[in-house]
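Survey of secondary and tertiary structure
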Amino acid sequence: MNRVDGKVAIVTGAARGIGRADALLLVQEGARVVITDLDEAGGNALAASTPGIEFFKQDVRDEARWETLVKDTMERYGRLDILVNNAGVIHVGDPLTSDRDEWRHMFEVNVEGTMLGCKHAIPAMITSGGGSIINMSSIAAKSGLYFFTGYCASKGAIASYTKAVAVYCAQNRLNIRCNSIHPGGIDTPMNAGIEQEFSSRISGMRLPAQSPVAADAPKMRYGEPNDIAYAVVYLASDESKFMSGSELYIENTSTITAAVVA
Ligand SMILES: NC(=O)c1ccc[n+]([C@@H]2O[C@H](COP(=O)([O-])OP(=O)(O)OC[C@H]3O[C@@H](n4cnc5c(N)ncnc54)[C@H](O)[C@@H]3O)[C@@H](O)[C@H]2O)c1
């Protein structure tokens, strides 16, 4: 019940999905949590129904907003211990059908948003005596999900950036850890409707169920947001004090399952 007792967290993109589950579990384990999102209605609703959660509207691409968000958090709570760079977006596109504006959108939100979060949280964490940064990557960082080329590239960038931040913090003795989490498919609004988008954007797309080999194989099972939130609590807590620069894959074998190319 008290695994992150007394700690103060910022969780981005927490109006719904994985970020929402992260915020709820962090509060349950004793943290006070600032959630941010573009979605004002969703963020306000979660804060109104959950003591210990406060909502601030934020676009993670906006550097000036990061500055005021961290300043306001320090003024109101006196410290910052945990940052979950969770906000993310996805677009479908293979190497021939990828759209450049959609790539830019993914890189701005997923990669630059994460970079800005680390840049502005680290000084506040130094003032607080240390901290834990958790960057939400994906199995896409190392799986060849060719129908998500830009998403794969952006999540790979998050994984390598995470290691650079971790080493910077370690070498400067900042007592700040930085790790990435790599979820497999999780049942959230992000995934709703994505299969329809495949068929309209990717020609010849073979979902596993359409392949001869996998016709009678078990269907893919999505994980739940809490499957990721438990890992967030572990990385946010002092239980993981010897863990920094790591990639934590939570994906029920999906990265070690043989691809079906038949
Ligand atoms: N769901 C999955 O299968 C899955 C798998 C691997 C990784 N992830 C990653 O986990 C994270 C959360 O995913 P989810 O499935 O909960 O997604 P989701 O789409 O359900 O929720 C994402 C939230 O981020 C917010 N957001 C989007 N752009 C933003 C911006 N510019 N500024 C602030 N907030 C913004 C959205 O409003 C939304 O509330 C993402 O980084 C995603 O890439 C998800």
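Data block above holds the structure.
Points about the overall build of the protein chain
A count of helical and extended segments in the protein chain gives 7 helices and 7 strands. Counting helices and strands in the order they occur from the N terminus, the protein chain gives β-α-β-α-β-α-β-α-β-α-β-α-α-β. The C-alpha atoms of the protein chain give a radius of gyration of 18 Å, which matches the 18 Å a tight globule of 262 residues would have. Oriented by its inertia axes, the alpha-carbon framework of the protein chain measures out at about 60 × 40 × 35 Å. Counting over 262 residues, the protein chain shows a buried share of 50%.

Re the site of the ligand
Around the ligand, the surrounding shell holds 28 residues, and the nearest of these are Arg 16, Asp 37, Asn 86, Tyr 151 and Thr 188. Between the ligand and Asp 59, the relevant distance is 3.0 Å, taken from a nitrogen atom to a side-chain nitrogen or oxygen of the residue. Here an oxygen atom of the ligand and a side-chain polar atom of Asn 191 are 2.8 Å apart. Against a free-state accessible area of 830 Å², the protein chains account for coverage of 95% of the ligand. Mapped by element, the contributors of at least two residues to the shell around the ligand are helix H1 (17–28) and helix H5 (149–171).

Quick look at the nonpolar core
Considering soluble globular proteins, one finds that nonpolar side chains tend to be buried as a cluster. Ile 122, Ile 133 and Phe 148 are the most contacted members of the largest nonpolar core, which totals 39 residues. Counting residues per element, this core draws most heavily on helix H4 (residues 100–128), at 8 residues. The residues contacting Ile 122, other than those within four sequence positions of it, are Ile 133, Val 165, Cys 169, Leu 174 and Ile 176. Membership of the second largest hydrophobic core comes to 31 residues, among which are Val 11, Ala 23, Val 27 and Ala 231.

A short note on the pairing of strand E4 (residues 82–85)
In E4, alternate side chains face the same way, and those of Ile 82 and Val 84 on one face and Leu 83 and Asn 85 on the other are all buried. As judged from the 3 bridges shared by strand E1 (residues 8–12) and E4, these two strands associate in the parallel manner. The partner of Ala 9 across the bridge, within E4, is Ile 82. Direction of pairing for E4 relative to strand E5 (residues 131–136): parallel, over a ladder of 4 bridges.

So, the environment of Ala 236
In this fold, Ala 236 is placed in helix H7 (residues 225–236). On the accessibility criterion, Ala 236 (3% relative accessible area) is buried. Discounting chain neighbours no more than four positions away, the residues touching Ala 236 are Val 4, Lys 7, Leu 26, Ile 82, Ser 132, Ile 134 and Arg 177.

With respect to the pattern of salt bridges
Taken as a whole and assessed by the stated rule, the structure comprises 9 salt bridges. A salt bridge links Lys 163 to Glu 247; the shortest N-O distance between them is 2.8 Å. One end of the pair, Lys 163, is in helix H5; the other, Glu 247, is in strand E7 (residues 247–250), with 84 residues separating them in the sequence.

Some thoughts on the sheet that holds strand E2 (residues 32–37)
With parallel pairing, 7 strands are arranged side by side in an open sheet as E3-E2-E1-E4-E5-E6-E7. Edge strands, defined here as strands with exactly one partner in the open sheet, are strand E3 (53–57) and E7. For this sheet, the mean inter-axis angle between neighbouring strands, taken without regard to orientation, is 20°. Where E1 and E2 come together, 5 bridges link them in parallel fashion. When the bridges of E2 are listed, Val 8 appears paired with Arg 32. In the packing of helix H2 (residues 40–49) onto the sheet, contacts are made with E2 and E3, and the angle to E3 comes to roughly 165°.

What about the side chain of Asn 85?
Within the secondary structure layout, Asn 85 lies in strand E4. Owing to a relative accessible area of 3%, Asn 85 belongs among the buried residues under this scheme. Within polar-contact distance, the side chain of Asn 85 engages the side chain of Asn 135 at 2.8 Å. Those residues in contact with Asn 85 that lie beyond four places of it in its chain are Thr 12, Trp 66, Gly 113, Thr 114, Gly 117, Cys 118, Ile 133, Ile 134, Asn 135 and Met 136.

Describing the packing of H1 against H7
It is the contact of H1 with H7, at a shortest axis distance of 8 Å, that shows an interaxial angle of 50°. Taken as axis vectors, H1 and H7 run oblique relative to one another. For the crossing formed where H1 meets H7, the hand is right-handed. Facing H1, whose interface residues are Gly 17, Ile 18, Ala 21, Asp 22, Leu 25 and Leu 26, H7 presents Pro 225, Asn 226, Ile 228, Ala 229, Tyr 230, Val 232, Val 233 and Ala 236. Grouping the amino acids of the contact of H1 with H7 by side-chain chemistry returns 11 nonpolar, 2 polar and 1 charged.

Conventions and cut-offs
- Residues numbered from 1 in each chain as written.
- Predicted model: local features only at pLDDT ≥ 70, side-chain atom pairs only at ≥ 80, totals over all residues.
- Heavy atoms only, no water.
- Helix = DSSP H or I, 4+ residues; strand = E, 2+ residues; numbered from the N terminus.
- Rg over C-alpha atoms; globule rule 2.2 N^0.38 Å.
- Buried < 20%, exposed > 50% of the residue type's maximum accessible area, 1.4 Å probe, protein only.
- Near = heavy atom within 4 Å.
- Polar contact = N/O pair within 3.5 Å; in protein donor to acceptor, adjacent residues only side chain to side chain.
- Areas by Shrake-Rupley, 256 points an atom, 1.4 Å probe, with all protein chains shown as cover.
- Core = buried A, V, L, I, M, F, W, Y, C linked by side-chain atoms within 4.5 Å.
- Contact = heavy atoms within 4.5 Å.
- Pairing = 2+ DSSP bridges.
- Salt bridge = Lys/Arg side-chain N within 4 Å of Asp/Glu carboxyl O.
- Axes fitted to C-alpha atoms, helices over the stretch in contact; angles between N-to-C directions.
- Parallel < 35°, antiparallel > 145°, perpendicular 65-115°, else oblique.
- Left-handed = near helix turned anticlockwise from the far one by under 90°.
- Nonpolar A, V, L, I, M, F, W, Y, C, P; charged D, E, K, R; others polar.

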